[in-house]
Structure formats: structure tokens, C-alpha cells
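Structural description and commentary
So you can see what is in the structure, the chains are spelled out below.
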Amino acid sequence: MLPNYVPILILGAVALGFSVFTLVLSHLLGRPRPTAAKSEVYECGMPPIGTARERFPIKFYLVCMIFILFDVDAAFFYPWALVFRELGVFGFVEMLVFVGLLGSGFVYAWKVGALDW
Amino acid sequence: MTPVQQELLIATGKVLVFVGVFLGLFSGMTYVERRLLAFMQFRLGPNRVGPFGLLQPVADGIKLFFKEEVMPEGANKWAFMAAPALAIVTAFLAIAVVPYGPTVHLFNRDIPLQIADLDVGVLFLFAISSLGVYGIVMAGWAANNKYTLLGGLRSSAQMFSYELSLGMSWVGAIILAGSFRISDIVASQAGWFIPNWNFFRQAPGFLVYLVAATAEVNRTPFDLPEAETELVAGFHTEYSSMRFALLQMAEYVNMMTVAAVGTSLFFGGWLAPVPGLQHVFGRDIGLLWFLLKMGAGLFFFIWLRGTVPRFRYDQLMNFGWKVLLPLATLNILGTAAWIAFSK
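Cut-offs and rules
Residues numbered from 1 in each chain as written. Chains lettered and ligands numbered in written order. Predicted model: local features only at pLDDT ≥ 70, side-chain atom pairs only at ≥ 80, totals over all residues. Heavy atoms only, no water. Helix = DSSP H or I, 4+ residues; strand = E, 2+ residues; numbered from the N terminus. Buried < 20%, exposed > 50% of the residue type's maximum accessible area, 1.4 Å probe, protein only. Contact = heavy atoms within 4.5 Å. Areas by Shrake-Rupley, 256 points an atom, 1.4 Å probe, with all protein chains shown as cover. Lys, Arg positive; Asp, Glu negative; His and termini not counted. Charge placed at Lys NZ, Arg CZ, Asp CG, Glu CD. Rg over C-alpha atoms; globule rule 2.2 N^0.38 Å. Phe/Tyr/Trp six-rings, centres within 6.5 Å; stacked < 30°, edge-to-face > 60°. Lys NZ or Arg CZ within 6 Å of the ring centre and 35° of its normal. Domains from an automatic or database assignment. Salt bridge = Lys/Arg side-chain N within 4 Å of Asp/Glu carboxyl O. Polar contact = N/O pair within 3.5 Å; in protein donor to acceptor, adjacent residues only side chain to side chain. Core = buried A, V, L, I, M, F, W, Y, C linked by side-chain atoms within 4.5 Å. Axes fitted to C-alpha atoms, helices over the stretch in contact; angles between N-to-C directions. Parallel < 35°, antiparallel > 145°, perpendicular 65-115°, else oblique. Nonpolar A, V, L, I, M, F, W, Y, C, P; charged D, E, K, R; others polar. Buried area = accessible area lost by both parts, 1.4 Å probe.

**Points about the overall build of chain B**
When you go through chain B residue by residue, the secondary structure sums to 14 helices and 4 strands. By principal-axis analysis of the C-alpha atoms, chain B measures approximately 65 × 55 × 45 Å. The burial tally for chain B puts 55% of its 343 residues in the buried class. A fraction of 76% describes how many contacts in chain B between residues 6 or more apart in sequence connect residues 24 or more apart. With an accessible surface of roughly 13,900 Å², chain B has 70% of that area assigned to carbon and sulfur atoms. Counting 22 positive and 20 negative side-chain charges, chain B places the centres of these two groups 5 Å from one another.

Here it is, written out as C-alpha cells:
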């Protein structure tokens, strides 16, 4: 028997090969002929103002950080769900405690306005 | 050939078939979507190329291959070129763990219609669905365009917010099946479709999955990254030619994956809704059932796009964090309480 992940590696290689093939083929068929106007950044037909390498709202960072916190917790649900039938009521109470702790953090984030846009 | 070589050959063949089928479905899907949307809007849609316009996807493909590639000034060249490839590879990786049908007997061998039956299938999906955001953010950032940057950022924030709910929506199904393996989850829904499908046993979970999955694949009403009235075409504004096509393809493959996963986790996968209908003339028609259910899911996406207007961005984020996430958690606790106290 092959290890289970070998077919996935093959799939990844095939997908990569396919994308490289199409990109190269389209590059060869539709040859780029850049001009100054053509390679200008698209800003609805106006001459572009500055670059896009600028600062952007901190909201996005904030969402990412909250996401990482809660994503790890969401991953914790998985092994618990797997063995839940064996744990029974004990597992349920344990999870209530966990969700309570998690929920207090969530309520805090909500109250300080981290979730508002 | 040694057994290992045979297995490798079969695995490769299977991968090629699946990738080919998904590419075929993608081109079919673009036609069906345009056509159905047109009907919903009292238009005709593409009907010139071939009978009923059926060759439209072929024409589009040829056109896109011959289109000129434009690299915007000041773009990060390598990131700009790698983003579409990254998007398509991550999109394709997710199709590996879904069981599409029963085991078929071919060349004196039993071949399961699944690329890899991982024992951590659901976890794998959870991991791969997170990777999808890289391609989009890279595409948005690399182009050095403000619209694409905002589109990419919006998209990433949206996917982060809804991914939590997505990952938690199927925990109820895991509890019921007692396994991460998707084929086990499918098997746990065998029998009559009422009440055995998770669609009925896990109705709130399915609701969360539906909303989160729609947001995850950036479809209407959650297609804010591409809100054309404010962000032009969002993260792929600067893309042309086949690079654009690959990004588009990734989006559709993601959509098909979401439909396939939803079918497996909530609608009994390739199992017939009524036990007697699994075999017709002694043959197992599981694959047909799967395609039927998946097709219904894809039709639903198109229908949704033809019907509902787009969310506003603050509504979208508020809904994801303040409604969907608590609902997903409550669903898990409710399922757990039901299991724990019912025996």
C-alpha cells in the first residue's frame, strides 16, 4: 500500500504542472507588447496617484489576530468531537468550561469594539 | 510491475481523471451559469457559438490563450505571476479527500472513487481551505494597484471571519459519526434520508455551513472582494489572459469543492436518499446520486447570485463574528448535549 499522502502529492504536482503549462503557453501565444500607457496601473482611466504600497487600516491586522486566537480554539473542538461519545457527560461539562473561558474573551473583544467596522 | 508501481500508476491515473473532470465541469459551469443567470434576468445569454451556444466555453478558452498579458508598472513580478498558480493548486488540493462514489471494479482491481481516503479528512479540508487566501492576497498585493490591494485585503478578512464558522459547522457531523474520515461521515448517514441525513440531524450546522461556504468562495451575496461599483474587479483587476482565467478557475473549483463537501457532510454523499434506489439493475449508481446532489448545490449558488443583492462590508463582518460564530458554537454544544444526555 502506498502512504495515504502520496496521491495528494501527485495531485499537487499535476495541478502545478497544469498551471505552469497554461501560463507558459499563453505567454508564448499572446506575446506581451508593453507600452507606457498599457502598463500603467488601472485607476479608472485617471493617471495613477502614488503607489499602492501604502499603509492600510489597522482593522485588517486586528481581524487577523483575533482569527488566529479563535482558530486555534476551533481546532481544539476537533479531537474533542472525535472522542466525544466515549467522554459522555464529563466531556460535555469540560467543553462548557472551555467555551465559557473562550466566550469571556470573545465578549471582551466584542465590548472593546475589536469586532466593529 | 511491482505492486507499488501499479499503485502509483493507478493513483496518477485517478488524479489525471479527476483534474480533467473538474476542468470539464468548470468550463461547463461557466456556460451554465451565464445561461441560467440570463434566463433569470429575461435575457438569452450566450447562444451563438455552436448549438445553443454550447461551444462558448471553448471559444472563451481559445480567446484567453491568445490574449496579451499585461504586467502593470511597479508590480512585484514574481508574486504577480505566482499568485494564479498558487490559487489553482490550493483549489485543486481540496478535491482529494471527497469520496465521489462507491468502489468501482476496474482492471481486476477495486478502485475507490476518491483520491486519498485520509483518516484526518475533515481536518485536511480545514487546513487547505485556509491556504486559499494566500493566492488572493498575493494577487491583490503584487499588482501595485489600490483597488486590487483593497480587494485582496477585504477578501482575506472575509475569509478569516467565515472560516472559523466553516470549520465549526461540521464539528456536529464529526460528533455524530465519531470520525474525521469523510467516507465514515457519509456512511453514518446511510438509510432513509429523513432523518438520517445530517441536513436534518444537523440543521443549524448546515445553515452555518451554507452561509460560511458561500462567503468562503466569495460568491454573491458575499462577493465583496469583487464589488465592481467600488473596487472595479477587486483583486484580479490587473490580471488578463490565462492568468485571469486561472484565478477564475480557482474560484469555480473552490465552489465545486464546497458543493461536493456539503454533499458529503450533510446530504449523505453518494448514498441514495432511499435505500432501494442505491442499485439500479444490480449496478451501484452512487456516482450519479453524488453528481445530482452536487449539481443541485451548484445550481443553488447560481440561483443565489441571480436573486440576492450584495452585503455591505460592515454588515458582512458583523454577521460573521456576532451571529454566525455564536450560532456555530451553540450548534456544537447542542449536539453534544443531545448525545451526552440521550443515552
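Let us keep going from here.
**Some thoughts on the overall build of chain A**
Of the regular secondary structure elements, chain A holds 4 helices and 0 strands. For chain A, whose C-alpha radius of gyration is 25 Å, the value lies well above the compact-globule estimate of 13 Å for 117 residues. Along the first, second and third principal axes, the C-alpha set of chain A runs to 70 × 55 × 15 Å. Looking at chain A residue by residue over its 117 residues, the buried ones come to 36%. When the accessible surface of chain A is totalled, it reaches about 7,300 Å², and 73% of it is carbon and sulfur. Distance between charge centres in chain A, computed from 8 positive and 8 negative side chains, equals 14 Å.

**As for the packing of aromatic side chains**
Residue and element names in this part refer to chain B. Scanning the entire structure with this criterion turns up 31 aromatic pairs over all chains. Plain terms: the ring middles of phenylalanine 199 and phenylalanine 200 are 5.0 Å apart, the flat faces sit at 75° to each other, and that makes the pair edge-to-face. A relative accessible area of 34% places phenylalanine 200 in the partly exposed class. Look at phenylalanine 199 and phenylalanine 206: their rings are 5.1 Å apart centre to centre, the planes differ by 80°, and that puts the pair in the edge-to-face class. What makes phenylalanine 206 buried here is its relative accessible area of 12%. The structure contains a cluster of three or more aromatic residues connected by ring pairs, namely Trp170, Trp197, Phe199, Phe200, Phe206, Tyr209, Phe266 and Phe267. Geometry around tryptophan 78 places lysine 77 over its ring, the cationic atom sitting 5.8 Å from the centre.

**Here's the deal with the domain arrangement of chain B**
Size of an interface, as often reported, equals the accessible area lost when the parts are brought together. Residue and element names in this part refer to chain B. Segmentation of chain B into domains returns domain 1 (1–66) and domain 2 (70–102 + 118–342). In this structure, domain 1 and domain 2 have C-alpha centres spaced 20 Å apart. If you look at the interface, domain 1 gives 15 residues, while domain 2 gives 21 residues. For the pair domain 1 and domain 2, the interface holds 2 salt bridges. The partner of arginine 219 in a salt bridge is glutamate 33, with the nearest N and O atoms 2.7 Å apart. At the boundary of domain 1 and domain 2, one finds 4 residue pairs in polar contact (both at pLDDT 80 or more).

**Quick notes on the nonpolar core**
Among the nonpolar cores identified, the biggest contains 129 residues, and B:Trp170 and B:Trp321 are the most heavily contacted of them. Taken domain by domain, this core gets at least three of its residues from each of domain 1 (1–66) and domain 2 (70–102 + 118–342) of chain B.

**Concerning the packing of helix 1 (residues 6–29) of chain A against helix 12 (residues 241–266) of chain B**
Closest axis-to-axis distance for the helix 1 of chain A/helix 12 of chain B pair is 8 Å, and the angle between their directions is 150°. Put simply, helix 1 of chain A runs roughly antiparallel to helix 12 of chain B. Between helix 1 of chain A and helix 12 of chain B, the contacting residues are A:Phe18, A:Ser19, A:Thr22, A:Leu23 and A:Ser26 on the first element and B:Ser241, B:Met242, B:Arg243, B:Leu246 and B:Met249 on the second. Considered class by class, the residues forming the contact of helix 1 of chain A with helix 12 of chain B number 5 nonpolar, 4 polar and 1 charged.

**Re the pattern of salt bridges**
Residue and element names in this part refer to chain B. The tally for this structure, following the rule as stated, stands at 9 salt bridges over all chains. Taking the shortest distance from any N to any O, the salt bridge between arginine 181 and aspartate 117 comes out at 3.4 Å. Within this pair, whereas arginine 181 is found in the loop between helix 6 (171–177) and helix 7 (182–187), its partner aspartate 117 is found in the loop between strand 2 (109–111) and helix 4 (121–142), the two being separated by 64 residues in sequence.

**A look at the interface of chain B and chain A**
At the junction of the two partners, chain B supplies 88 residues and chain A supplies 68 residues. By the criterion of area lost to chain A, the three top residues of chain B are B:Lys146, B:Trp321 and B:Lys322, representing 10% of everything that side buries. Where chain B meets chain A, there are 1 salt bridge. With a shortest N-O distance of 2.6 Å, A:Asp116 and B:Lys322 are connected by a salt bridge. Seen at the junction of chain B and chain A, the total is 9 residue pairs in polar contact (both at pLDDT 80 or more).

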